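Read off the chains here:
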Protein chains: 2
Amino acid sequence: MSVTMSLARFDSIELDCGRALRPVVAAYETYGEPNADRSNAILILHAFSGDAHAAGISAETGKPGWWDSMIGPGKAFDTRRYFVISSNVLGGCSGTTGPSSTNPATGRPYGSAFPPISIADMVRLQQMLTESLGIRRLLCVSGGSMGGMQALQWAVSYPDQVASVIPIASTHRHSAQQIAFNEVGRQAILADPDFNHGDYYGGRYPERGLAVARMVGHITYMSDDSMRQKFGRRRRKSRDQSDMFEVESYLRYRGGKFVNRFDANSYIAISRAMDTFDITEAGSPLEDCFGRGDARFLVLSFTSDWLYPSYQSQEIVRALRTRNRDVAYIELESNYGHDAFLLEVGEQTALIKGFLENTFQRLAA
Amino acid sequence: MSVTMSLARFDSIELDCGRALRPVVAAYETYGEPNADRSNAILILHAFSGDAHAAGISAETGKPGWWDSMIGPGKAFDTRRYFVISSNVLGGCSGTTGPSSTNPATGRPYGSAFPPISIADMVRLQQMLTESLGIRRLLCVSGGSMGGMQALQWAVSYPDQVASVIPIASTHRHSAQQIAFNEVGRQAILADPDFNHGDYYGGRYPERGLAVARMVGHITYMSDDSMRQKFGRRRRKSRDQSDMFEVESYLRYRGGKFVNRFDANSYIAISRAMDTFDITEAGSPLEDCFGRGDARFLVLSFTSDWLYPSYQSQEIVRALRTRNRDVAYIELESNYGHDAFLLEVGEQTALIKGFLENTFQRLAA
């Protein structure tokens, strides 16, 4: 399945911070076909460092999408039945307007002039996109990690425009520990003299800081046990023939790869959006967010995920139940830590497939 | 209790790497008095960033020792009964020979010329120190985290010179995850252009990289729950009046403080010593390490310590039991994560006090 990326252009978007972006572009891909009344549309929401390319083989890069195991003919999000949309988030660096986009006021990249963005801003742009595609109500919004935060925000911001919500390995607000790990990444970038307060385009990129930030991330995405199984204490020779642990080699490799595809300002902007995200505004109880709409929820978490622990998913489930919302919760056994939402295909497929079919049939009835 | 630091000078020390340091200095403090036959000596072993100043008020700095809650008259390590010794580890930066010490070959700090060191090298210098103090057998060796690794190494390197061992929140070898967190810290330092391959003395210090490294450490020393209780999602104003989370402010503050007291080369050398530490040499079973000597063991770990999880302590206990060694193991309930060994004074005191008294009486009998 060869796919190409499209761009949707809009005159402007108003942001939670009070500022606006003019114009704004959303990069997106679609898989499958819409039905006559466009009631079979599913919006897939990517995690922190993801992009619009969720499925199929990119015509531009030749690479499979980040959730290709879950989206396609006969897969969890079955493109023979559903019209699947995936877009790059606002603030990103893969086609959608972000800090590396051209600032029309200067003709140069925004850099430090890019406004702070929120998860709700990301969702606002997604809603503009789905509306432009002629979709009045999404059959489902789903994503893991930060994708799950966006899915929850959809249910709160546009309760009448979503029929079902599948937040996976996610939370309605970051804990102090989650903020702390993000902050270390940001400080690693800020410590790189090449960062230059965010105005590094055209000069040297803060590659060293960004690589360190990514290494921290990778540790938090795996579990103690999955790292033991994958690396243990095995050693290998580094390029300079010195002895190193395989886990060190892996982290350096992944950190080095990341700087070729990700922008440091996007790292800071998006991680800030995650940290400031709190779906309960002004300290009100979580269940008060879920007073409107009739979307059904399927909430998933994983036993070994210590970055987004199951108790955070359970808080969401409790609040939904308190409002008598239709919600199912499953904690899946997995050894993969937070990465499980990308890797545990079998059980997720069985659960999601049935949930979507049932939701679709109810809507048709 | 005002205490002063002493220096013990030795002509040389042979290292595991095959090189030697000539001369070598060990910085140490003592608390309490030795008895006639010097059979009441306890060696306290510090963790990664600790120093010789474990107890009392330093005459030099006016500050309390890092384990002052545990060492003193009537405390867990009761200085009315025992002669307590604490030294800075080899490779450190608080008086003992390390990368920032003068290299006699050049008259300048060692820097990149400092040889790689091991936990066994640290213990070798400690043994030279205790021997020079006229001690033939230590009543006890004890420490938390890296201090526990040294305590285990004592039991293996000098089985006839220790009567009891108390490793706390420790391990006999680092897991891939523990190595990974240390590696991120090292990479943050190496990414700092001021590091200059380790030869930064007399120039700008790699403060930014070292601060980031320390921030990662602090997250791993706390638990998810203790961070929630200490910081939650509370906010405060930063110096430039921008809004920040308290946990961000805390990490930046601790990172900034650390660079004033710790040396980046010591960070790298000591963290490497921890990562390469594996008390089972050449893949032999752990119990084979404990075939010699009759030291008694008290092994402690903490429920919320995810950096040095209880299963690592239990592996040690299992190996000791397999060799029919005298070992007691207690997993203490604590919310403090890895920091618990510094903070959970009450229960540790009760356990250690009784264990030491009993050991001392047995020796006297």
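Residues numbered from 1 in each chain as written. Chains lettered and ligands numbered in written order. Predicted model: local features only at pLDDT ≥ 70, side-chain atom pairs only at ≥ 80, totals over all residues. Heavy atoms only, no water.

Remarks on the overall build of chain A
For step 1, the next point in the chain: Across its full length, chain A carries 10 helices and 18 strands.
For step 2, the next point in the chain: Rg of the C-alpha trace for chain A: 20 Å, near the compact-globule value of 21 Å for 365 residues, within the 12% margin.
For step 3, the next point in the chain: The dimensions of chain A, computed from C-alpha atoms along their principal axes, are 65 × 50 × 45 Å.
For step 4, the next point in the chain: Expressed as a percentage of the 365 residues in chain A, the buried residues total 60%. (Helix = DSSP H or I, 4+ residues; strand = E, 2+ residues; numbered from the N terminus. Rg over C-alpha atoms; globule rule 2.2 N^0.38 Å. Buried < 20%, exposed > 50% of the residue type's maximum accessible area, 1.4 Å probe, protein only.)

Concerning the pattern of salt bridges
For step 1, the next point in the chain: Per the stated rule, a full pass over the model turns up 48 salt bridges over all chains.
For step 2, the next point in the chain: A salt bridge links D78(A) to R80(A); its shortest N-O distance comes to 3.5 Å.
For step 3, the next point in the chain: For D78(A), a relative accessible area of 6% gives the class buried.
For step 4, the next point in the chain: For the salt bridge of D278(B) with R173(B), the shortest nitrogen-to-oxygen distance reads 3.4 Å. With D278(B) in the loop between α7 (264–276) and β17 (296–302) and R173(B) in the loop between β14 (164–168) and α3 (176–191), this residue pair connects regions lying 105 residues apart in the sequence.
For step 5, the next point in the chain: Exposure remark for D278(B): the relative accessible area of 23% places this residue in the partly exposed category.
For step 6, the next point in the chain: For R173(B), a relative accessible area of 33% corresponds to the partly exposed category.
For step 7, the next point in the chain: Where salt bridges share partners, they join E183(A), R186(A), R272(A), D275(A), E248(B) and R252(B) into one cluster. (Salt bridge = Lys/Arg side-chain N within 4 Å of Asp/Glu carboxyl O.)

Concerning the environment of Y329(B)
Residues and elements named next belong to chain B.
For step 1, the next point in the chain: For Y329, the location among the structural elements is in strand β18 (residues 327–332).
For step 2, the next point in the chain: Overall, the relative accessible area of 25% leaves Y329 in the partly exposed class.
For step 3, the next point in the chain: Here the alpha-carbon distance between Y329 and L298, two residues 31 residues apart in the chain, equals 5.9 Å.
For step 4, the next point in the chain: Once residues lying within four places of it in the same chain are set aside, the contact partners of Y329 are V299, S301, S310, S313, Q314 and V317.
For step 5, the next point in the chain: Of note is the side chain of Y329, whose polar atom sits 2.7 Å from the side chain of S301.
For step 6, the next point in the chain: At 3.2 Å, the side chain of Y329 forms a polar contact with the side chain of Q314. (Contact = heavy atoms within 4.5 Å. Polar contact = N/O pair within 3.5 Å; in protein donor to acceptor, adjacent residues only side chain to side chain.)

With respect to the relation of the copies chain B and chain A
For step 1, the next point in the chain: Once chain B is rotated about the relating axis by 180 degrees and shifted along it by 0.0 Å, it coincides with chain A to within an RMSD of 0.0 Å. Taken together, the rotation and translation describe the operation of a two-fold axis.
For step 2, the next point in the chain: Taken together, the interface assignments show that 100% of the residues at the interface of chain B recur at the interface of chain A, consistent with an identical surface on both copies. (Least-squares fit on C-alpha atoms with pLDDT ≥ 70 in both.)

A few points about the interface of chain B and chain A
For step 1, the next point in the chain: In this assembly, 41 residues from chain B lie in contact with 41 residues from chain A.
For step 2, the next point in the chain: Where chain B abuts chain A, roughly 3,500 Å² becomes buried across the two surfaces, and 64% of that area is made up of carbon and sulfur atoms.
For step 3, the next point in the chain: On the surface where chain B and chain A come into contact, there are eight salt bridges.
For step 4, the next point in the chain: Its salt-bridge partner being E248(B), residue R272(A) comes within 3.1 Å of it at the nearest N-O pair. (Buried area = accessible area lost by both parts, 1.4 Å probe.)

Quick notes on the sheet that holds β17(B)
Working definition: the strands of a sheet are paired by backbone hydrogen bonds and lie parallel or antiparallel to each other.
All names here are of chain B.
For step 1, the next point in the chain: Sheet architecture is open: eight strands sit in the order β2-β5-β10-β6-β13-β14-β17-β18, paired in mixed fashion. Two strands lie at the open edges of the sheet, namely β2 (6–10) and β18, each paired on one side alone. With direction set aside, neighbouring strand axes in the sheet form an average angle of 20 degrees.
For step 2, the next point in the chain: As defined by bridge partners, strand β5 (residues 24–31) adjoins strand β10 (residues 83–87) across four bridges and the pair is classed as antiparallel. Bridge pairing in β10 links E29 to S86. (Pairing = 2+ DSSP bridges. Axes fitted to C-alpha atoms, helices over the stretch in contact; angles between N-to-C directions.)

Some points on the environment of D243(B)
Residues and elements named next belong to chain B.
For step 1, the next point in the chain: Relative to the helices and strands, D243 is located in strand β16 (residues 243–245).
For step 2, the next point in the chain: Taking the C-alpha atoms as reference points, D243 and S170, 73 residues apart in sequence, are found 38 Å from one another.
For step 3, the next point in the chain: Polar side-chain contacts of D243 include one of 2.7 Å to the side chain of R235.

A few points about the packing of aromatic side chains
For step 1, the next point in the chain: As enumerated under the stated definition, the model contains 34 aromatic pairs over all chains in all.
For step 2, the next point in the chain: A ring pair is formed by F48(A) and Y267(A), whose centres lie 4.7 Å apart and whose planes are at 85 degrees; its orientation type is edge-to-face. Separated by 219 residues along the polypeptide, F48(A) in the loop between β6 (41–44) and β7 (57–58) and Y267(A) in helix α7 (residues 264–276) bring together distant segments of the chain. By the burial criterion, F48(A) is buried, and Y267(A) matches it.
For step 3, the next point in the chain: Residues F290(B) and F297(B) carry aromatic rings whose centres are separated by 5.8 Å and whose planes lie at 70 degrees to one another, so their mutual orientation is edge-to-face. Just as F290(B) is buried, F297(B) falls in that class too.
For step 4, the next point in the chain: Each member of the aromatic cluster is reached from another via a ring pair, and the members are F48(A), F258(A), F262(A) and Y267(A).
For step 5, the next point in the chain: Above the face of the F258(A) ring, R214(A) is positioned so that its terminal group lies 4.2 Å from the ring centre. (Phe/Tyr/Trp six-rings, centres within 6.5 Å; stacked < 30°, edge-to-face > 60°. Lys NZ or Arg CZ within 6 Å of the ring centre and 35° of its normal.)

A short note on the environment of G18(A)
Residues and elements named next belong to chain A.
For step 1, the next point in the chain: In this structure, G18 sits in the loop between β3 (13–14) and β4 (20–21).
For step 2, the next point in the chain: A relative accessible area of 61% means that G18 is categorised as exposed.
For step 3, the next point in the chain: Residues G18 and A76, spaced 58 residues apart in sequence, show a C-alpha to C-alpha distance of 39 Å.

Description of the packing of helix α4 (residues 207–221) of chain A against α3(B)
For step 1, the next point in the chain: Relative to each other, α4(A) and α3(B) sit at 170 degrees, their axes nearing to 9 Å. Put simply, α4(A) runs roughly antiparallel to α3(B). Along the contact surface, α4(A) presents R208(A), V212(A), M215(A), V216(A) and I219(A), while α3(B) presents Q177(B), A180(B), F181(B), V184(B), Q187(B), A188(B) and A191(B).
For step 2, the next point in the chain: The residue inventory of the contact of α4(A) with α3(B), partitioned by class, reads nine nonpolar, two polar and one charged. (Parallel < 35°, antiparallel > 145°, perpendicular 65-115°, else oblique. Nonpolar A, V, L, I, M, F, W, Y, C, P; charged D, E, K, R; others polar.)

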